[in-house]
Amino acid sequence: MQECSSNPCQNGGFCTERINGYECVCPSSWTGVNCNIDVIECASLPCMNGATCNELSGGYTCTCTPGYQGTTCSEEINECASSPCFNGGTCDDMINSFLCVCASGYQGNNCEQEINECASSPCFNGGTCDDMINSFLCVCASGYQGNNCEQDINECLSSPCVNGGTCTDLVNAYICTCAGGFVGTRCEIEIQECSSNPCQNGGFCTERINGYECVCPSSWTGVNCDIDVIECASLPCMNGATCNELSGGYTCTCTPGYQGTTCSEEINECASSPCFNGGTCDDMINSFLCVCASGYQGNNCEQDINECLSSPCVNGGTCTDLVNAYICTCAGGFVGTRCEIEIQECSSNPCQNGGFCTERINGYECVCPSSWTGVNCDIDVIECASLPCMNGATCNELSGGYSCTCALGYQGTTCSEEINECASSPCFNGGTCDDMINSFRCFCASGYQGNNCEQGDCRGK
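Predicted model only: the values in this text are computed from it and were never measured.

1. Comments concerning the overall build of the protein
When its secondary structure is counted, the protein shows zero helices and 48 strands. Over its C-alpha atoms the protein spans a radius of gyration of 70 Å, topping by over 25% the 23 Å that the globule rule assigns to 461 residues. Taken along the three principal axes of its C-alpha coordinates, the protein extends 170 × 150 × 25 Å. Per-residue burial for the protein yields a buried fraction of 26% across its 461 residues.

2. So, a nonpolar patch on the surface
Together, Met-94, Leu-99 and Val-101 make up a nonpolar patch on the protein surface, roughly 260 Å² of accessible area in all. One can find Val-101 in strand E10 (residues 97–101).

3. Considerations on the nonpolar core
Generally speaking, soluble globular proteins have nonpolar side chains that are buried together. Residues Cys-232, Cys-237, Ala-241, Tyr-250, Cys-252, Tyr-258 and Cys-263 constitute the largest nonpolar core, which totals seven residues. Excluding residues that lie within four positions of it along the chain, Tyr-250 makes contacts with Glu-231, Cys-232, Pro-236, Cys-237, Cys-243, Asn-244, Glu-245, Thr-261 and Thr-262.

4. Looking at the environment of Cys-9
You can see Cys-9 is positioned in the segment before strand E1 (14–18). Exposure remark for Cys-9: the relative accessible area of 13% places this residue in the buried category. Cys-9 has contacts with Phe-14, Cys-15, Tyr-22, Glu-23, Cys-24 and Asn-34, leaving out every residue within four places of it along the chain.

5. Remarks on the state of the cysteines
Tallying each qualifying case throughout the model produces 36 disulfides. The side chain of Cys-80 participates in a disulfide bridge whose partner is Cys-91; the two sulfur atoms lie 1.8 Å from each other. Where Cys-80 bonds to Cys-91 through sulfur, the torsion about that S-S bond is close to -80°, and the disulfide is left-handed. Taken together, the residues Cys-80 in the loop between strand E8 (75–76) and strand E9 (90–94) and Cys-91 in strand E9 connect sequence positions 11 residues apart.

Calculation notes
- Residues numbered from 1 in each chain as written.
- Predicted model: local features only at pLDDT ≥ 70, side-chain atom pairs only at ≥ 80, totals over all residues.
- Heavy atoms only, no water.
- Helix = DSSP H or I, 4+ residues; strand = E, 2+ residues; numbered from the N terminus.
- Rg over C-alpha atoms; globule rule 2.2 N^0.38 Å.
- Buried < 20%, exposed > 50% of the residue type's maximum accessible area, 1.4 Å probe, protein only.
- Patch = residues over 30% accessible without salt bridge, like charges linked within 9 Å, V, L, I, M, F, W, Y side chains within 5 Å.
- Areas by Shrake-Rupley, 256 points an atom, 1.4 Å probe, with all protein chains shown as cover.
- Salt bridge = Lys/Arg side-chain N within 4 Å of Asp/Glu carboxyl O.
- Core = buried A, V, L, I, M, F, W, Y, C linked by side-chain atoms within 4.5 Å.
- Contact = heavy atoms within 4.5 Å.
- Disulfide = S-S within 2.5 Å.

Structure representation (structure tokens):
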């Protein structure tokens, strides 16, 4: 009998047939044989975090406290999920609220306000404040520096005053107190005391600090070169010369071999280049000495030495004199500076095709292989002209040789060897072989016949 056919299980229960009965599997909110008894869910305190449990027929609901959500109020609401903190602020989630930890330079519940760092007037001495994120920038008035324009720039640190001037620092300026002899904003202009031409008699004026100095000609002295010097008193004339005093100067009468204002200059007799042909001049007192270049002789090196007088050229060579040298024109077969080297004509390997070279005076001689002739063994001998091929063979001329095409029955280089056709023992059954030109003949033993005695003779049986 199908007890489940009457649908005994209520409230969504599932009916399972049993022997002589049935069994209901109930939803979690119902119990009893037929799932008709409502379970009191709130008894198990399913609602969390202080929520209120509301019993329903066949279930329950939870009324969550602020800050929580979900069927059992187990899920804490993340108030930071909506990104409420601006300008890089960090959100700290709390129960039913949030806390923004602002990045430097910002403030407010949502970090929405940029802090004005210029509000405290941090820039001094007329500096202008430029507000920035979490900082400020002071644009200083001329003459000031520092993060807050608190430092007066010392314009004297660059040492603008030169030539010993003393610097006094001002606001965005300086003043130089110049040493004697200098003027200018930086004391850079030297007063030109020489501009009045104080030095007389050709004296040269040199500027000095707060003054001048005269460099006088040798004949004058004094601060302004206005006192005549007695020059001969200092014995200015040298090398035995006579001193002649003049107004504002003197003259020297030199001894032979000397010249110049004070006769200090030895006359260079070599200045006229008296030594010829590359000779070197050695200056002496009132004379000179020529050191001649190789190949020349004489007081002025005017004579060419004849190097051929020593007969340097050998083996019949002819000598030609040069400057400090000679040249030999050699007889045939000799070379070298003195014609001392016999030319080795065989060194160039003139003999071709295996020829042997023998040295001769001013020449060579080639001993040629039999297939070649000529001075350098470069002419091919016509070997077939001597009829080297025998027994009717054909002679084939080759470069440096020949070959023979033998008639049938002959072999060898010159076809001189008659081929022995009996060498292969062509006659069978005791037959005797008779060698012939390009063939053989068999003499058969009794009872055999055929070209090779290969056939038995039936008549013999």
